[in-house]
Amino acid sequence: MTTGRLTPFLWTLFSAGGTIAAFLFPVHLFLIGLAFPLGWLEAPSYEAFRLLIQHPVTRLYLFALISLPLFHWAHRFRYTLYDGLQLYHLTVFIAVLCYGAALGGSAAAAYMLWNLR
Amino acid sequence: MPPTIALDVIRYRPEQDAEPAFQTYEVPFRDDWVVLDALNYIKDRLDGSLSFRWSCRMGVCGSCGMMVNGKPKLTCAAFLSDYLPGPVRVEPLNYFPIMRDLIVDITDFMRKLTKVKPWIIRDQVWPLEEGEYRQTPEQLDTYKQFSQCINCMLCYAACPIVGLEPEFVGPAAIALAQRYNLDSRDEAAGERLKILSDHAGIWGCTFVGECTQVCPKHVDPAGAIQQFKLTAALDALKSFLVPWGTR
Ligand code: SF4
Ligand code: FES
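No experiment lies behind these values; they were computed from the predicted model shown.

**Q** Lay out the overall build of chain B with the relevant residues and their values.
**A** Of regular secondary structure, chain B possesses nine helices and seven strands. Along the longest, intermediate and shortest principal axes, the C-alpha atoms of chain B span 75 × 40 × 30 Å. Within chain B, contacts between residues separated by at least 24 positions form 62% of all contacts whose residues are at least 6 apart in sequence. Of the accessible surface of chain B, which amounts to about 12,900 Å², a share of 54% is contributed by carbon and sulfur atoms.

**Q** Run through empty space enclosed by the protein, naming residues and quoting values.
**A** Empty space among the atoms can be located by rolling a probe the size of a water molecule over them. All names here are of chain B. Here the structure, examined in full by the defined rule, presents three cavities of 30 Å³ or more. There is about 100 Å³ of room inside the largest cavity. Forming the boundary of the largest cavity are 14 residues, of which Cys149, Cys152, Cys155, Cys215 and Val219 lie nearest the centre. The set of elements that each furnish at least two residues to the lining of the largest cavity consists of α4 (154-158) and α6 (171-181). Of the residues in the lining of the largest cavity, the class split is twelve nonpolar, one polar and one charged.

**Q** Before we move on, can you summarise the sheet that holds strand β3 (residues 65-68) of chain B with the specific residues and values?
**A** All names here are of chain B. What the five strands build is an open sheet, ordered β2-β1-β5-β3-β4; its pairing is mixed. Whereas interior strands pair on both sides, the edge strands pair on one side only; in this sheet they are β2 (21-28) and β4 (71-74). Here the strands of the sheet are splayed against their neighbours by 35° on average, with no regard to which way each runs. Where strand β1 (residues 4-11) lies against strand β5 (residues 88-91), three bridges are found, and the strand directions are parallel. Note that in β5 the partner of valine 9 across the bridge is valine 90. Lying on the sheet, helix α1 (residues 35-46) is in contact with β1, β2, β3 and β5; it crosses β2 at an angle near 95°.

**Q** Got a sec to walk through the pattern of salt bridges? Specific residues and values, please.
**A** One pass over the structure, following the stated rule, counts 15 salt bridges over all chains. The partner of Glu47(A) in a salt bridge is Arg50(A), with the nearest N and O atoms 3.7 Å apart. Separated by three residues within a single helix, Glu47(A) and Arg50(A) lie in helix α3 (residues 46-54), roughly one turn from each other. Overall, Arg50(A) belongs to the partly exposed group, its relative accessible area being 31%. One network of salt bridges, in which partners are shared, links Asp108(B), Arg111(B), Lys112(B) and Glu167(B).

**Q** So what's going on with the domain arrangement of chain B? Which residues, and what values?
**A** All names here are of chain B. Split by domain assignment, chain B resolves into domain 1 (4-104) and domain 2 (107-244). Just the C-alpha atoms count here: the centres of domain 1 and domain 2 sit 31 Å apart. Tallying the contact residues gives 14 residues for domain 1 and 16 residues for domain 2. When residues of domain 1 are sorted by the area they lose upon contact with domain 2, Pro72, Tyr95 and Phe96 head the list and together hold 49% of the total. Applying the counting criterion to the domain 1 and domain 2 interface returns zero salt bridges. Summed over the shared surface of domain 1 and domain 2, the result is one residue pair in polar contact (both at pLDDT 80 or more).

Thresholds, definitions, all that
Per-chain numbering applies: the sequence of each chain, read as written, is numbered from 1 onward. All chains are assigned letters beginning at A, and all ligands numbers beginning at 1, according to the order in which they are written. This being a predicted model, a pLDDT of at least 70 is required before a residue's local features are given, and a value of 80 or more before pairs of side-chain atoms are given or counted; all residues contribute to the totals for chains, interfaces and linings. Hydrogens are left out, water is left out, and the side-chain values use all remaining heavy atoms of the structure. Only runs of H or I of at least four residues qualify as helices and only runs of E of at least two qualify as strands under DSSP, and these elements are numbered from the N terminus. Residue contacts are counted whenever heavy atoms from the two residues lie within 4.5 Å of one another. Each accessible area value is a Shrake-Rupley result obtained with a 1.4 Å probe; residue values ignore everything except the protein chains displayed when judging cover. Of the grid points, spaced at 1 Å and generated over the protein atoms alone, those admitting a 1.4 Å probe that cannot get out make up cavities, while open sets with protein on both sides within 12 Å along at least five of seven lines make up pockets; any residue with an atom within 4 Å of a point is treated as lining. Grid points are joined across faces, edges and corners, and a volume is the space filled by probe spheres set on the points. Think of it as three bins: nonpolar holds Ala, Val, Leu, Ile, Met, Phe, Trp, Tyr, Cys and Pro, charged holds Asp, Glu, Lys and Arg, and polar takes everything else, Gly as well. Being paired, for any two strands, means DSSP has found at least two bridges between them. Orientation is described by lines fitted to C-alpha atoms, with helices fitted over the stretch in contact, and by angles between N-to-C directions that extend from 0 to 180 degrees. By salt bridge we mean one thing: a side-chain nitrogen of Lys or Arg within 4 Å of a carboxyl oxygen of Asp or Glu. Throughout, exposure labels follow a simple rule: accessible area from a 1.4 Å probe, protein chains only, divided by the maximum for the residue type, with under 20% read as buried, over 50% as exposed, and the rest as partly exposed. An automatic or database domain assignment supplies the residue ranges for each domain. Buried area counts how much accessible surface, traced with a 1.4 Å probe, disappears from two parts once they are put together, with both parts' losses summed. Two N or O atoms form a polar contact when they lie within 3.5 Å of each other; inside protein one atom must be a possible hydrogen donor and the other a possible acceptor, and for residues adjacent in sequence the pair counts only when both atoms belong to side chains.

What follows is the structure, encoded as structure tokens:
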């Protein structure tokens, strides 16, 4: 396989996404998946949540939270297909498919976050 | 009758065997014995033709690495009691060409080690009268962990990329490069970055992490490679944003 000039950039996205998935996902899962529904912590009201999410900084944060781990997945999955299944002849196709999916997912997230009211 | 344990050992004598095959030996079991003791028992008492490398018997020389029940291990640190009731499968290190029995050809590994220029490189070397190059304990700490490598090659036998991509320079070599990059006396980090910034170098690694799992000296080669990647990524980012910069 050739090392494209993009590799360092793709790796940066991969590693940023991995950091987010490892450190921030558990916090969100704990708060929204356990602590609020089980009443361990008092859940903020719907209005308060909506106000919070409408703030541009929150939207940017959510975008990073969604998009970067998608690139983490893309990088991992690419090498799982490439090395794991040894699909060496499909290397370009696999790369386009994986990073394309991450780009698509990020675009969808951006679109939804942009249009949140 | 004293207890015994079986060892299934790979034999390959190129002058008579078409390919490597297992041979089983029954050796006494003692709970203070390691796999290397059992191999030495075989060589001394049962079959003097069995060939394997070893020297220090204390995890220092790095020569006794083999696959024990499929995992890369220093056989001088692998206690028989951890493999009860046996049999214990002993094979030469994964991904290396077998020369004879448990002995592998390490020529390629040696070539990869030197490829990363693992020595101190300086633009200007002081004359002897100026004294030694001094280093603070903090400066030593930055690379000390990566300097503990004993070249046992367990990390190569554990790394699937080493198996898939013969040109991949491998975990220990990159950790060693990082050891010199972080040394305050060295000035060749940029040079090593050029050598290692390709698919045969750091970008071949897909962060499987097995190297760090098996390393008997806690060198953490996977950590060294990720550190190296971060430097390379920042460097690439810089030359992308400032193309007229110093590179
Ligand atoms: S990094 Fe660890 S496993 Fe690899 S050769 Fe050095 S001591 Fe052995
Ligand atoms: S014999 Fe030296 S490390 Fe095992």
